[in-house]
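# Chain and residue survey
As a plain string of letters, each chain reads:
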Amino acid sequence: MRRTWQTYFQPTTLRDALRLLQEHRSQARVIAGGTDVIVELSRDIKPASTLIDISRIAELDGIRSDDETIVLGGLSTHNDVISSDACVDGAFPLAQACLEIGAPQLRTRATIAGNLVTASPANDTISALVALDATLILTSLRGLRAVPTDEFYTGFRATVLQPDELIAEIRIPRLRRHQRGLFIKLGLRRAQAISVIHVAIVLSFDGAIVSDVKIALGCLAPTIVRAPTAEAFLVGKTLDAGVCDEAARLICESTSPIDDIRGTADYRLLTLHRLTNDGLERLARGEERSTWPAQPVLLDTLSDTGHPQLLMERDGSTLTTIETIINGQAMHVRGDAPRKTLLDLVREDAGLTGAKEGCAEGECGACTVWIDGQAVMSCLVPAGQAHGAAITTIEGLAESPDILHPLQQAFIDRGASQCGFCIPGMVMAGAKLLDERAAPSTDEMLSAVSGNICRCTGYRKILDAMVAVSAQPAVEINA
Ligand SMILES: Cc1cc2nc3c(=O)[nH]c(=O)nc-3n(C[C@H](O)[C@H](O)[C@H](O)COP(=O)(O)OP(=O)(O)OC[C@H]3O[C@@H](n4cnc5c(N)ncnc54)[C@H](O)[C@@H]3O)c2cc1C
Ligand code: FES
Ligand code: FES
């Protein structure tokens, strides 16, 4: 991974972060989960000499809710939303959108705020939050301001966020009993797929009659767009098959989709009709929640095995030394460590070469390690986030050199490896799933390794090995 930043700040209070942002705004970028920033920096997009890591600011953490509102802290991750009963109950389209993001090892770290600020019209949570009528609370040393999500965007990847501002909170009016909503995405595959198109719909009902409608469409225009004609048409109607079809037709009539590498304009129009029609019919039947998994795969058993006291031993907010625990061994790394990714730290400084660099863009999963109990793509985690944390790599998974982790043994027994390049990542993802639940289903196993690509074994034996260590009976799959 090409290193482009020179200075790495890791403030622990919001005030310190805002001060740093004001002081360094022309050369600095904020980093949270890093899943967009690290990729952009490696491609020389919005280069920055300074990173301000906000991931340790407790004031930005957490989700709280009451009868009226759900409030996501600025650091809420996709996993936080997926695993929040309040969000699944009261902001269901957002929970669905979060579960569609990338792969589990991204959702452990990637944040909703980061998704909003990157501002791609393909970004899944934006449409969900627009349909849910969410408001963003922006903060700077100048004070707070509230911006409705659909007023946040001014053009392609452009927002009203000022260089000295952070998203502190995302406020979502809770879905009421008379409201139903959903999010549907069309991607080129079921994981690690940027939307070809997606739609978020929230309907209010007065009995069987639609009384209010919000439809947000992604990946059709330079920003997320609404469908005002179809929205107006639906108000006062009962959702029968003809009404759903006509609304879908009006949505298509009012859009002129983009043509790009993921789909032609014609393909988008064709699938948009089908997607919106299906979505409305599912809402009419009250079936929008029928496919939501009872226990979504998180690869996240967040533990406090880290060592937060280490965070105190440093020079203000500037991170110059990384003090971390890797596979139970304490490590102090100076020099250019804060300018690396976690993958480079593990391979170059700790000399642990099990985690591999396949793509350096979060696409292949070969670099999967655990940080404080969360499986992550270590190529996208700045090494600074290992400071005060506990890291486990494939080298630390076995109980001893003679007693392998049961999944490692199963990979050997089943011959689930050819060149072996992807295997450490596969095993780290699979072993985390087994930490999370003793007897995962085949679907859960597929979901756990959906961010891991193998170019030579074929997935059959890999899944056989996972099934072998699970208490579940094997199920026939078409891998
Ligand atoms: C392989 C891969 C697959 C992906 N798949 C999807 C997908 O399916 N759908 C999708 O929508 N996205 C996808 N993404 C994009 C990405 O994971 C999301 O946009 C993610 O939510 C970004 O969050 P983050 O915390 O990692 O952001 P970061 O990379 O840390 O930051 C992103 C931007 O937001 C800014 N920022 C972060 N937090 C704040 C804050 N609180 N206040 C102000 N500015 C802030 C940063 O300065 C930066 O400009 C994918 C990315 C990868 C690498
Ligand atoms: S996902 Fe990290 S190297 Fe491919
Ligand atoms: S075993 Fe070769 S890439 Fe998976």
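Cut-offs and rules
- Residues numbered from 1 in each chain as written.
- Chains lettered and ligands numbered in written order.
- Predicted model: local features only at pLDDT ≥ 70, side-chain atom pairs only at ≥ 80, totals over all residues.
- Heavy atoms only, no water.
- Helix = DSSP H or I, 4+ residues; strand = E, 2+ residues; numbered from the N terminus.
- Rg over C-alpha atoms; globule rule 2.2 N^0.38 Å.
- Buried < 20%, exposed > 50% of the residue type's maximum accessible area, 1.4 Å probe, protein only.
- Contact = heavy atoms within 4.5 Å.
- Areas by Shrake-Rupley, 256 points an atom, 1.4 Å probe, with all protein chains shown as cover.
- Lys, Arg positive; Asp, Glu negative; His and termini not counted.
- Charge placed at Lys NZ, Arg CZ, Asp CG, Glu CD.
- Near = heavy atom within 4 Å.
- Polar contact = N/O pair within 3.5 Å; in protein donor to acceptor, adjacent residues only side chain to side chain.
- Nonpolar A, V, L, I, M, F, W, Y, C, P; charged D, E, K, R; others polar.
- Domains from an automatic or database assignment.
- Buried area = accessible area lost by both parts, 1.4 Å probe.
- Salt bridge = Lys/Arg side-chain N within 4 Å of Asp/Glu carboxyl O.
- Phe/Tyr/Trp six-rings, centres within 6.5 Å; stacked < 30°, edge-to-face > 60°.
- Lys NZ or Arg CZ within 6 Å of the ring centre and 35° of its normal.

### Here we look at the overall build of the protein
Counting its secondary structure elements, the protein contains 17 helices and 19 strands. Taking 479 residues into account, the globule formula puts the C-alpha radius of gyration at 23 Å, and the protein, at 23 Å, falls close to it. Considering only C-alpha atoms, the protein reaches an extent of 65 × 60 × 40 Å along its principal axes. Here the protein holds 479 residues, and the buried ones make up 56% of them. Within the protein, contacts between residues separated by at least 24 positions form 65% of all contacts whose residues are at least 6 apart in sequence. Accessible surface, the protein: about 19600 Å² in total, of which carbon and sulfur atoms supply 49%. For the protein, the centre of its 45 positive side-chain charges and the centre of its 59 negative side-chain charges are spaced 2 Å apart.

### Considerations on the site of ligand 1
Near ligand 1 you find 36 residues, and of these V30, A32, T35, D36 and T111 are the closest. D36 places a side-chain nitrogen or oxygen 2.6 Å from an oxygen atom of ligand 1. In the environment of ligand 1, an oxygen atom lies 3.4 Å from a nitrogen or oxygen atom belonging to the side chain of N123. Burial of ligand 1 by the protein chains amounts to 95% of its free accessible area of 990 Å². Elements that contribute at least two residues to the shell around ligand 1 include exactly β2 (28-31), α7 (112-118) and β10 (166-173). No other element matches the five residues that α7 contributes to the shell around ligand 1. Among the residues making up the shell around ligand 1, the classes are represented as 16 nonpolar, 13 polar and seven charged.

### What about the domain arrangement of the protein?
Splitting the protein by domain gives domain 1 (7-53), domain 2 (63-285) and domain 3 (322-469). Every contact between the two is made by 14 residues of domain 1 and, on the other side, 15 residues of domain 2. Taking both sides of the interface into account, the surface hidden between domain 1 and domain 2 amounts to around 1200 Å²; carbon and sulfur atoms contribute 68%. Area buried by domain 1 at its contact with domain 2 is led by L18, R25 and T35, which between them contribute 36% of it. Summed over the shared surface of domain 1 and domain 2, the result is one salt bridge. Residues R25 and D164 are paired through a salt bridge, measuring 3.9 Å at the closest nitrogen-oxygen approach. Joining domain 1 to domain 2, the criterion identifies one residue pair in polar contact (both at pLDDT 80 or more). The element that contributes the greatest number of residues to the side of domain 1 that touches domain 2 is helix α1 (residues 14-24), accounting for seven residues. Taken together, the residues of the side of domain 1 that touches domain 2 sort by class into six nonpolar, three polar and five charged.

### A few points about the packing of aromatic side chains
As enumerated under the stated definition, the model contains two aromatic pairs in all. The interplanar angle of 70° and the centroid separation of 5.6 Å between the aromatic rings of F92 and W292 together place this pair among those described as edge-to-face. Here F92, found in helix α5 (residues 92-99), pairs with W292, found in the loop between α11 (265-285) and α12 (309-312); they are 200 residues apart in sequence, far enough to count as distant. As far as the burial class goes, F92 and W292 line up, both buried. Note on F152 and Y153: the rings are 5.1 Å apart at their centroids and 90° apart in plane angle, and the pair reads as edge-to-face. Take Y153: its relative accessible area is 15%, and that puts it in the buried class. Positioned above the aromatic ring of F233, the side-chain terminus of K237 is 4.3 Å from the ring centre. R455 extends its terminal NZ or CZ atom over the ring of F421, reaching a point 5.7 Å from the ring centre.

### So, the pattern of salt bridges
All chains considered together, the criterion is met by 28 salt bridges. Between E40 and R29 there is a salt bridge, with the nearest N and O atoms lying 2.7 Å from each other. Residue E40 is located in helix α2 (residues 37-42), and its partner R29 is located in strand β2; the two are separated by eleven residues in the primary sequence. Assessed through its relative accessible area of 10%, E40 is described here as buried. Each of D336, K340, E348 and D349 takes part in one network of salt bridges that share partners.

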